[in-house]
Structures are given as C-alpha cells and as structure tokens.
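Residue-level structural notes
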Amino acid sequence: MQRAVLVPELLVADLAASLRFWCGLCGFHIAYDRPEDRFAYLDRDGAQVMLEEAAGPGRRWITGKLERPFGRGMNLQIAVADCAPILTKLEAAGWPLYLAVEEKWYRVAEGDVGVRQFIAQDPDGYLLRFSQTLQAASPATQPLDQAHWKL
C-alpha cells in the first residue's frame, strides 16, 4: 500500500462501531492498526483515512468540545469505480442516506465531469460522499477565471 499524501485523521466516539460502518458497509479495510491506542488506518483503493477513538489513551489533538455530528462543514469525497455495491450494503443494513443517489455535473479545470454520487453519514456524523465518474472531462464551455478568487 502506498500512503496518500493527505490523510484525514478523524476522532470517533466508538472505534468498533466506526469500523463496522467504514469496513463492513463501505468497503474499506484495515491497512494497519494499533488496538492499544484505539487507532486504525483504513484504505479503500487508495482512499485513506485514520480513525482514532476520542476517549482512547495517549494524546489527542482536540481543539474544542466534541459534539455530534463531528466534522461539521466537511465532507470526504471518495472516488469509487461503482457506487452500487456500497449502496446495496447500506440498504441491507437499513442505513439511511444523507443525500440520495444523484447524477451531477461539475465544472473542473479541464471541462465538465459527470458523477453518480450519494452521501452517507458515519456513526459520528462525518459525511462520506461516494463518487463514481460517468464521463471523462470535456473541453470547458467557460474558462475558469481565477482572478475572481483574489488570490
């Protein structure tokens, strides 16, 4: 396994419950773990995340009071080859979707890209947006005007 250059580390209330969701329903596997630290490093075809139990031993970098839903204002986009297997497992488990399956087009630097996507919330409220590419990028109809961002 090659480690990604950016890997979020998410604090969770119950590592076992989170692993049942992330691995059992969403197709991640434990690349390695440190049970004594209540920590697991997960991978799903190169999408990587670290989960750490908030009340576990050792140091935790907590900047404020942890209240569910955790991760407010953030969603993690996870590229997948096919959304269907994950949707099937979530449905079989009776897991509700935060955003129902949709087809959406986004303008990107190279043009427009179509995706089939949905969002599920993990046990702590983190939003996972699974995204399946429908079509490769095509020439943009409008160039991206970076000047308006006032960089």
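Numbering of residues starts from 1 in every chain and runs along the sequence as written. In keeping with the predicted nature of the model, local features appear solely for residues at pLDDT of at least 70, side-chain atom pairs appear and are counted solely at 80 or more, and the whole-chain, interface and lining totals rest on all residues. To obtain the side-chain values, all non-hydrogen atoms of the structure were used and water was disregarded.

A word on helix H2 (residues 84-92)
Listed in full, the buried residues belonging to H2 are Ile86, Leu87 and Leu90. The buried residues of H2 occupy an angular sector of 100 degrees when projected down its axis, which confines them to one face. Away from its buried face, by an angle of more than 90 degrees, H2 presents the exposed residues Thr88 and Ala92. Secondary structure follows DSSP: runs of H or I at least 4 residues long count as helices, runs of E at least 2 residues long count as strands, and numbering of each begins at the N terminus. A positive phi of about 70 degrees marks Gly94, the residue just after H2. Buried, partly exposed and exposed residues are distinguished by accessible area as a fraction of the type maximum, computed with a 1.4 Å probe on protein chains only: under 20%, between the cut-offs, and over 50%, respectively. Our arc is simply the arc of the directions from the helix axis toward the C-beta atoms.

Some thoughts on the nonpolar core
Within soluble globular proteins, side chains that are nonpolar tend to cluster in buried spots. Side-chain atoms within 4.5 Å link the members of a nonpolar core, which is a set of buried Ala, Val, Leu, Ile, Met, Phe, Trp, Tyr and Cys residues. Judged by nonpolar contacts, the single largest core of 28 residues is most densely connected at Phe21, Trp22, Phe28, Leu42, Leu51, Phe118 and Phe130. Mapped onto this core, the elements with two or more residues apiece are strand E1 (9-12), helix H1 (15-25), strand E3 (39-44), strand E4 (47-53), strand E5 (75-79), H2, strand E7 (111-121) and strand E8 (127-135). The element best represented in this core is H1, accounting for 5 residues. In what follows, residue pairs with any heavy atoms lying within 4.5 Å of each other are defined as contacts. The contact partners of Phe21, leaving out residues within four places of it in the chain, are Cys26, Leu90, Trp95, Ala120, Gln121, Asp122, Pro123 and Leu128.

Describing the side chain of Glu52
As for its placement among the helices and strands, Glu52 is situated in strand E4. Glu52 sits in the buried class, given a relative accessible area of 9%. Within the local environment of Glu52, its side chain forms a polar contact with the side chain of Arg60, the two groups lying 3.1 Å apart. When near neighbours in sequence (up to four residues on either side) are disregarded, Glu52 contacts Glu9, Leu10, Leu11, Val12, Asp37, Arg38, Phe39, Arg59 and Arg60. A 3.5 Å cut-off defines polar contacts: any pair of N or O atoms within that distance qualifies, except that in protein one atom must be a possible hydrogen donor and the other a possible acceptor, and neighbouring residues in sequence count only when both atoms are side-chain atoms.

Description of the packing of aromatic side chains
Each aromatic pair joins two rings of Phe, Tyr and Trp (for Trp, the six-membered one) with centres within 6.5 Å, and gets the label stacked for planes under 30 degrees apart, edge-to-face for over 60, and tilted for any other angle. By the definition in use, this model includes 7 aromatic pairs. Residues Tyr32 and Phe39 carry aromatic rings whose centres are separated by 6.2 Å and whose planes lie at 40 degrees to one another, so their mutual orientation is tilted. Since its relative accessible area comes to 25%, Tyr32 is described here as partly exposed. Judged by relative accessible area, Phe39 falls into the buried class, the value being 3%. On the numbers, 5.4 Å between centres and 25 degrees between planes, the contact of Phe118 with Phe130 is stacked. Note that Phe118 is positioned in strand E7 and Phe130 in strand E8, a separation of 12 residues in sequence. Residues Phe118 and Phe130 agree in their burial class; the two are buried. Put simply, the rings of Phe21, Trp22, Phe28 and Trp95 touch in pairs and so form one group of aromatic residues. Note on geometry: a ring has a charge over it if NZ (lysine) or CZ (arginine) is within 6 Å of the ring centre and within 35 degrees of the ring normal. Geometry around Tyr41 places Arg3 over its ring, the cationic atom sitting 5.7 Å from the centre. Over the aromatic face of Phe39 sits the side chain of Arg34, whose NZ or CZ is 4.0 Å from the ring centroid.

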